[in-house]
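Observations on the three-dimensional arrangement
Here's the letter readout for the chains.
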Amino acid sequence: MMPEKPELKKEPIELEELVKEKVKLAKKLGLMDQGTQPSEAYEETNDYKRIKEIDLKLWELIK
């Protein structure tokens, strides 16, 4: 088995970390768990802005 190249190994780890952070923030804002209501004015929070940043980064990593 050939060892993985370091640059190839970084992306999956970064991808995993970003997804974990996004899930944590979405749960905090009430966007993810079944039966929860989103926090009032969640779209103006820094957490929601971070989710949008994560989405852009994830898109860069998977395209």
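Attention in this report is confined to the structure presented alongside it. Treat the numbers as computed from the prediction; the structure is a model and nothing was measured. (Residues numbered from 1 in each chain as written. Predicted model: local features only at pLDDT ≥ 70, side-chain atom pairs only at ≥ 80, totals over all residues. Heavy atoms only, no water.)

1. Re the pattern of salt bridges
Following the criterion strictly, the structure yields 6 salt bridges and no others. E53 is the salt-bridge partner of R50, the closest N and O atoms lying 3.2 Å from each other. In this pair, R50 and E53 both sit in helix α2 (residues 46-62), 3 residues apart, roughly one turn of the helix. Measuring nitrogen to oxygen at the nearest pair gives 3.9 Å for the salt bridge that ties E60 to K57. Placement of the pair is E60 and K57 together in helix α2, with a separation of 3 residues, close to one helical turn. Owing to a relative accessible area of 30%, K57 belongs among the partly exposed residues under this scheme. (Salt bridge = Lys/Arg side-chain N within 4 Å of Asp/Glu carboxyl O. Helix = DSSP H or I, 4+ residues; strand = E, 2+ residues; numbered from the N terminus. Buried < 20%, exposed > 50% of the residue type's maximum accessible area, 1.4 Å probe, protein only.)

2. A short note on the environment of K57
In this structure, the C-alpha to C-alpha distance between K57 and E14, residues 43 residues apart in sequence, is 9.7 Å. Not counting the four nearest positions on each side in its chain, K57 is found in contact with E14 and L18. (Contact = heavy atoms within 4.5 Å.)

These values are about where atoms sit, not about what they do.
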